[in-house]
Amino acid sequence: MKSLRRHAKPLKHDLPVEKFQSLLDIFLSGIEKQISQVYAFLRDQNHTQIEILAHAMKSSTYAFGATRLSYLAKCIEEACQQQQLALLKQYCVFIDNARQETETEFKRKGYA
């Protein structure tokens, strides 16, 4: 599965190993926390906060090269905007799986 953009590799080579590892750890734990927040907002039916959070996730995941996560965050954001609640719930289920796959792929490629 290709859930990482190619430009994540140059990022690894442009930074000292310790700095890259630190950024990667912050990124992965931050995304995990954000997804937990999405689930909490979903339980509370707070779609406005989900939209705001999804927008932030879309940007950060794309910047780090996690394209599948970025795409799903975009889908969640758009589902909120269009008030497609059934679709929103489906995307929320998919995004944590995508997070796990992305973390696994980072490790497989030697980034983590």
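Every value quoted in this text rests on a predicted model; they were computed, and no experiment measured them. (Residues numbered from 1 in each chain as written. Predicted model: local features only at pLDDT ≥ 70, side-chain atom pairs only at ≥ 80, totals over all residues. Heavy atoms only, no water.)

Trainee: Residues and numbers for the pattern of salt bridges, please.
Mentor: This model, assessed by the stated rule, comprises 5 salt bridges. Between Glu-77 and Lys-58 there is a salt bridge, with the nearest N and O atoms lying 2.8 Å from each other. Highlighted residues: Glu-77 in helix H4 (residues 67-81) and Lys-58 in helix H3 (residues 47-64), separated in sequence by 19 residues. A salt bridge links Lys-107 to Glu-103; the nearest nitrogen and oxygen atoms lie 3.5 Å apart. With Lys-107 and Glu-103 both in helix H5 (residues 85-108), this residue pair falls 4 residues apart, about one helical turn. Under the relative-accessibility criterion, Lys-107 is labelled partly exposed at 48%. With a relative accessible area of 22%, Glu-103 lands in the partly exposed category. Each member of the salt-bridge network shares a partner with another, and the members are Asp-96, Arg-99, Glu-103 and Lys-107. (Salt bridge = Lys/Arg side-chain N within 4 Å of Asp/Glu carboxyl O. Helix = DSSP H or I, 4+ residues; strand = E, 2+ residues; numbered from the N terminus. Buried < 20%, exposed > 50% of the residue type's maximum accessible area, 1.4 Å probe, protein only.)

Trainee: Describe the nonpolar core, with residues and values.
Mentor: Grouped together as the largest cluster of nonpolar side chains are 28 residues, with contacts concentrated most on Leu-24, Phe-27, Ile-76, Leu-88 and Ile-95. Only helix H2 (17-43), H3, H4 and H5 provide two or more residues apiece to this core. At 8 residues, H2 tops the list of elements feeding residues into this core. Leave out the neighbours within four places in its chain, and Ile-76 touches Ile-50, Ala-54, Leu-88, Tyr-91, Cys-92 and Ile-95. (Core = buried A, V, L, I, M, F, W, Y, C linked by side-chain atoms within 4.5 Å. Contact = heavy atoms within 4.5 Å.)

Trainee: Any details on the environment of Asp-96? Residues and values, ideally.
Mentor: The topology assignment puts Asp-96 in helix H5. Counting along the chain gives 60 residues from Asp-96 to Ser-36, while the straight-line C-alpha distance between them is 8.8 Å. Not counting the four nearest positions on each side in its chain, Asp-96 is found in contact with Ile-35 and Tyr-39.

Trainee: Mind laying out the packing of H2 against H3, listing which residues take part and the relevant values?
Mentor: When two helices pack together, their arrangement is captured by the angle between the axes and the distance separating the axes. Two elements in contact, H2 and H3, have axes whose closest approach is 10 Å; the angle formed by their N-to-C orientations is 160°. Here H2 is positioned roughly antiparallel relative to H3, judged by the angle of their axes. Here H2 runs over H3; the crossing is left-handed. In this structure, H2 contributes Phe-20, Leu-23, Leu-24, Phe-27, Ile-31, Gln-34, Ile-35, Gln-37, Val-38, Phe-41 and Leu-42 to the contact, and H3 contributes Gln-49, Ile-50, Leu-53, Ala-56, Met-57, Ser-60, Thr-61 and Phe-64. Here the contact of H2 with H3 is built from residues that sort into 14 nonpolar, 5 polar and no charged. (Axes fitted to C-alpha atoms, helices over the stretch in contact; angles between N-to-C directions. Parallel < 35°, antiparallel > 145°, perpendicular 65-115°, else oblique. Left-handed = near helix turned anticlockwise from the far one by under 90°. Nonpolar A, V, L, I, M, F, W, Y, C, P; charged D, E, K, R; others polar.)

Trainee: Before we move on, could you go through H5 and cite the residues and values that matter?
Mentor: Helix length check: H5, at 24 residues, gives a terminal C-alpha distance of 35 Å against a target of 34 Å (1.5 Å per residue), a fit within 8%. By the burial criterion, the buried members of H5 are Leu-88, Tyr-91, Cys-92, Ile-95, Asp-96, Ala-98, Arg-99, Thr-102, Glu-105 and Phe-106. Turning to H5, the residues buried within the fold contact H2, H3 and H4. Following H5 by one or two positions, Gly-110 adopts a phi angle in the positive range, close to 80°. (Expected span 1.5 Å × (residues − 1).)

Functional significance is not addressed by these values, which are geometric in nature.
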